[in-house]
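# Inside the fold
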Amino acid sequence: KTTLEIRAPFKGVVAARGLNEGEYVTPGGTLITIIDLTSLRFLARLPIRELSRIKLGQQAAVNFQSWPDRQYRCQVENLKPQIDAVAQMVEVRLRFLEVSPELRNDMFGTAKIVVGNHANALLVPDKAVLRDDETGIHTIVEAVGDSVGVARQVEIGIETPTTVEISGAGLHPGMHIIVEGHYGLPDSTKIHLAR
């Protein structure tokens, strides 16, 4: 009985075994599959409308379903030149900044890419912003002195599914914004706040 030691040409982790102990090896057969963890990349699919905001080198973070409590730091490495015209999506390749031995090449997750840093931004709930599709004007309604609803025109910045960044004259932190019952409310209308 001859023992043969086989070494991989790089450091990695065993992802799959081609043979079990005691089985015969055929020429060209696969013994094991090894993954070089430094070669792992995360492919994120983004809506085409977001493509203009993505640049090489931007910081990102990935959460995996397998490890929901962990966040993996990444960086935008490449933008795929081809676009999926049917789904209106584009692929972005993210490089992991640290080697993590628990990662595998068949894991699914969600990526968050930092597209900008807005210090001291004012955020309001998404439903607080009234949008006029004909004029393109955005407004919020401020509750002034608990008795008057004053409409204020705003510029919108970064939007998330639940919040909107706003800017404009007369806006300040701590102001009371109406988020329900303000649609169609005329400017400077007397209001009664339900607490």
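Anyway, here's the lowdown on the structure attached to this text. (Residues numbered from 1 in each chain as written. Predicted model: local features only at pLDDT ≥ 70, side-chain atom pairs only at ≥ 80, totals over all residues. Heavy atoms only, no water.)

## Topic: the overall build of the protein
For clarity, the cut-off: Numbered from the N terminus, helices here are DSSP runs of H or I no shorter than four residues, and strands are runs of E no shorter than two. Computation of the radius of gyration draws on C-alpha atoms alone. For the globule rule, the value is 2.2 Å times the number of residues to the power 0.38. With a 1.4 Å probe rolled over the protein chains alone, any residue whose accessible area is under 20% of its type maximum counts as buried; one over 50% counts as exposed, and the rest are partly exposed. Contacts are residue-level and defined by heavy atoms, with any inter-residue pair within 4.5 Å sufficient. Areas reported as accessible are Shrake-Rupley estimates using a 1.4 Å probe. Residue values count occlusion only from the protein chains shown. Charge assignment in this entry is limited to Lys and Arg as positive and Asp and Glu as negative, and neither His nor the chain termini are counted. Think of each charge as sitting on NZ of Lys, CZ of Arg, CG of Asp or CD of Glu.
Within the protein, the secondary structure is distributed over zero helices and 13 strands. In sequence order, the secondary structure elements of the protein are arranged as β-β-β-β-β-β-β-β-β-β-β-β-β. Relative to a compact globule of 195 residues, whose C-alpha radius of gyration would be 16 Å, the protein shows 27 Å and is clearly more extended. Referenced to the eigenvectors of the C-alpha coordinate spread, the extents of the protein come out at roughly 95 × 35 × 30 Å. For the protein, the proportion of its 195 residues judged to be buried stands at 24%. Counted over contacts in the protein with a minimum sequence separation of 6, partners at least 24 positions apart contribute 58%. As displayed, the protein offers around 14,100 Å² of accessible surface, 52% of which is attributable to carbon and sulfur atoms. In the protein, the 21 positive side-chain charges and the 23 negative ones have mean positions that sit 7 Å from each other.

## Here's the deal with the layout of surface pockets
Keep this limit in mind: The pocket and cavity definitions rest on a 1 Å grid over protein atoms only: a 1.4 Å probe that fits but cannot leave marks a cavity, an open set with protein on both sides within 12 Å along at least five of seven lines marks a pocket, and residues lining either have an atom within 4 Å of a point. Grid points are joined across faces, edges and corners, and a volume is the space filled by probe spheres set on the points. When residue character is reported, Ala, Val, Leu, Ile, Met, Phe, Trp, Tyr, Cys and Pro are called nonpolar, Asp, Glu, Lys and Arg charged, and the others, Gly included, polar.
In this model, the largest pocket occupies a volume close to 820 Å³. Leu 46, Thr 110, Ala 111, Lys 112 and Ile 113 are the residues nearest the centre of the largest pocket, which is lined by 31 residues in total. Among the secondary structure elements, those contributing two or more residues to the lining of the largest pocket are β3 (41–47), β7 (109–113) and β11 (148–159). The leading source of residues in the lining of the largest pocket is β3, at seven residues. Empty space within the second largest pocket amounts to approximately 370 Å³. Taken together, the residues of the lining of the second largest pocket sort by class into six nonpolar, two polar and three charged.

## Here's the deal with empty space enclosed by the protein
Counted according to the given criterion, the structure contains one cavity of 30 Å³ or more. In this model, the largest cavity occupies a volume close to 50 Å³. For the lining of the largest cavity, the residue count by class is three nonpolar, one polar and three charged.

## Let's talk about the sheet that holds strand β5 (residues 72–84)
For the record, the criterion: Strands pair, by our definition, only if DSSP identifies at least two bridges between them. Axes here refer to lines fitted to C-alpha atoms; in helices the fit is confined to the stretch in contact. Angles between the N-to-C directions go from 0 to 180 degrees.
Strand order in the open sheet formed by five strands is β3-β6-β5-β4-β7, and the pairing between neighbours is antiparallel. The sheet is open, and its two borders are formed by β3 and β7, each paired with just one other strand. Between one strand axis and the next, the sheet turns through 40° on average, direction left out of account.

## Details of the side chain of His 138
What counts, and what does not: Contacts described as polar in this section are N or O atom pairs within 3.5 Å, which, within protein, must combine one atom able to donate a hydrogen with one able to accept it, while residues neighboring in sequence count only if both atoms come from side chains.
Along the chain, His 138 falls in strand β10 (residues 137–144). Look at His 138 and you get buried, because its relative accessible area is 17%. Side-chain polar atoms of His 138 contact the backbone oxygen of Gly 136, separated by 3.4 Å. Those residues within four positions of His 138 in sequence are excluded, and the remaining contacts are Val 129, Leu 130, Arg 131, Arg 152, Gln 153, Val 154 and Ile 156.

## Side note on the pattern of salt bridges
For the record, the criterion: We count a salt bridge whenever a side-chain nitrogen from Lys or Arg sits within 4 Å of a carboxyl oxygen from Asp or Glu.
Using the criterion set out here, one finds 13 salt bridges in the structure. Between Asp 84 and Arg 45 there is a salt bridge whose closest N-O contact spans 3.7 Å. Taken together, the residues span a long stretch of sequence, with Asp 84 in strand β5 and Arg 45 in strand β3 at a distance of 39 residues. A salt bridge links Glu 77 to Arg 95; the shortest N-O distance between them is 4.0 Å. With Glu 77 in strand β5 and Arg 95 in strand β6 (residues 89–96), this pair connects stretches of sequence that are 18 residues apart. On the accessibility criterion, Arg 95 (28% relative accessible area) is partly exposed. In the salt-bridge network here, residues are joined through shared partners; they are Arg 41, Glu 77, Arg 93 and Arg 95.

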